[in-house]
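A look at the structure
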Amino acid sequence: MSKATVAVPAKEAANQHPQITIDQEAPPSEEATTVTISPDHASHRPDKRLRRTPRNTQCIRFPPKTSLCYRRLNELFFSATPDTALSSYKKPWRKVHAEPNIYVLENFLTTKEISHLMDFVATKRFQRSFVDGENNTSSIDRWHRTSTFLSFAKQHDKTIATIEQRAADLLGIQPRALEALQLVRYEQGQFFGIHHDLGIYDEEEDTVELPPKTTWSPRRLVTLFCYLNDCSEGGATYFPKAQLRVQPVAGSAVLFSNVLSDGMPDVRTLHAGEPPTSTQCVKYGLNIWFCEEF
Ligand SMILES: O=C(O)CCC(=O)C(=O)O
Ligand SMILES: [Fe+2]
């Protein structure tokens, strides 16, 4: 039974504005398959109706146009040919969706790094994940997110610093622009419902509210989400608007932008962490976020 459905009402269909219906009573869809691309959504254009209310007029400020980072972001996310941007990535990679551009990078983490990260799993305490709400509040929401997490201090150790540096090199940024790495865990049935990494999704308006610049939380431009283990029964990262599921494979990472080229949230990269459906798989992932500034 699908828990999150994407439906295009008849009157909206002509305008290509998919509406998302989220059944809050239950976690996201279990109809996971390996990476698939839907022709229906491959041509979806950015939603030009993004509201510019007084609360979200401050769009994301990109790095200077002359910077390596600006060129990388442009090429990776706003052009059809990312080959130069990914030329420094010497391992296999695939563009698994166009507009919005979403990539899967194979072997982003080495097996040594994975086992080092998994050592923390045994010794450190995971916290219940929470969701951000209005007015800089956050709360535990068992309907929306039941997974647990663990944050590392920046450059916590040599391995973490190496991973940070690798992610920074990929995006052409300094490691200081990355948020502290965050390990997430999903036991059977645990999930993270449909959300956006930049701000709060307004289901009725089908927009993402860009958080104000003054908020305590950094604004996340780009997400690089790494998988620490294989998970074939459930556990996919699901992009409802792209109709895409990325199935966890140890060491690989999914890369996507949370912003459009005008610095406003890209609602098309709405996503969810689906629940592993078997006791055989406890899913572990590592969030690496490139942020606007601290
Ligand atoms: O677990 C996943 O596949 C996605 C996790 C995620 O979206 C997040 O932690 O923000
Ligand atoms: Fe996310």
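Every value quoted in this text rests on a predicted model; they were computed, and no experiment measured them.

1. Some points on the site of ligand 1
Neighbouring residues of ligand 1: Y186, F192, H195, D197, F225, T237, H271, G273, K283, N287 and W289. Contacts to ligand 1 include T237, whose side-chain N or O atom sits 2.5 Å from an oxygen atom. Side-chain polar atom of H271 to an oxygen atom of ligand 1: 2.9 Å apart, as the coordinates give it. Bound to the protein, ligand 1 loses 98% of the 300 Å² it would expose on its own. No other element matches strand β18 (residues 283-291), which puts three residues into the shell around ligand 1. Looking at the shell around ligand 1, its residues break down into four nonpolar, five polar and two charged.

2. Focus on unusual backbone geometry
The step from E99 to P100 runs through a cis peptide bond, and the omega angle for that step is 10°. You can see P100 is positioned in the loop between β3 (93-97) and β4 (102-105). The backbone phi angle of N107 is positive, close to 50°, even though this residue is not glycine. For N107, the location among the structural elements is in the loop between β4 and α4 (111-123). The class of N107 is partly exposed, set by a relative accessible area of 40%. Of note in this structure, Q243 is not a glycine but carries a positive phi near 50°.

Parameters and conventions
- The numbers attached to residues start from 1 for each chain and follow its sequence in the written order.
- As a convention, the first chain written is A and the first ligand written is 1, with the rest following in written order.
- Only residues with pLDDT of at least 70 get local features here, since the model is predicted, and only at 80 or more are side-chain atom pairs given and counted; chain-wide, interface and lining totals rely on the full set of residues.
- Heavy atoms from the whole structure form the basis of all side-chain values; hydrogens and water molecules are not counted.
- We call a residue near a molecule or strand when any one of its heavy atoms sits within 4 Å of it.
- Polar contact is defined as a pair of N or O atoms within 3.5 Å, subject to the rule that within protein one atom must be able to donate a hydrogen and the other to accept it, and that residues adjacent in sequence are counted only when both atoms are side-chain atoms.
- Reported accessibility uses the Shrake-Rupley method at a 1.4 Å probe radius. Residues are deemed covered only where the shown protein chains occlude them.
- Only runs of H or I of at least four residues qualify as helices and only runs of E of at least two qualify as strands under DSSP, and these elements are numbered from the N terminus.
- Note on residue categories: nonpolar means Ala, Val, Leu, Ile, Met, Phe, Trp, Tyr, Cys or Pro, charged means Asp, Glu, Lys or Arg, and polar means any other residue, Gly included.
- Throughout, exposure labels follow a simple rule: accessible area from a 1.4 Å probe, protein chains only, divided by the maximum for the residue type, with under 20% read as buried, over 50% as exposed, and the rest as partly exposed.

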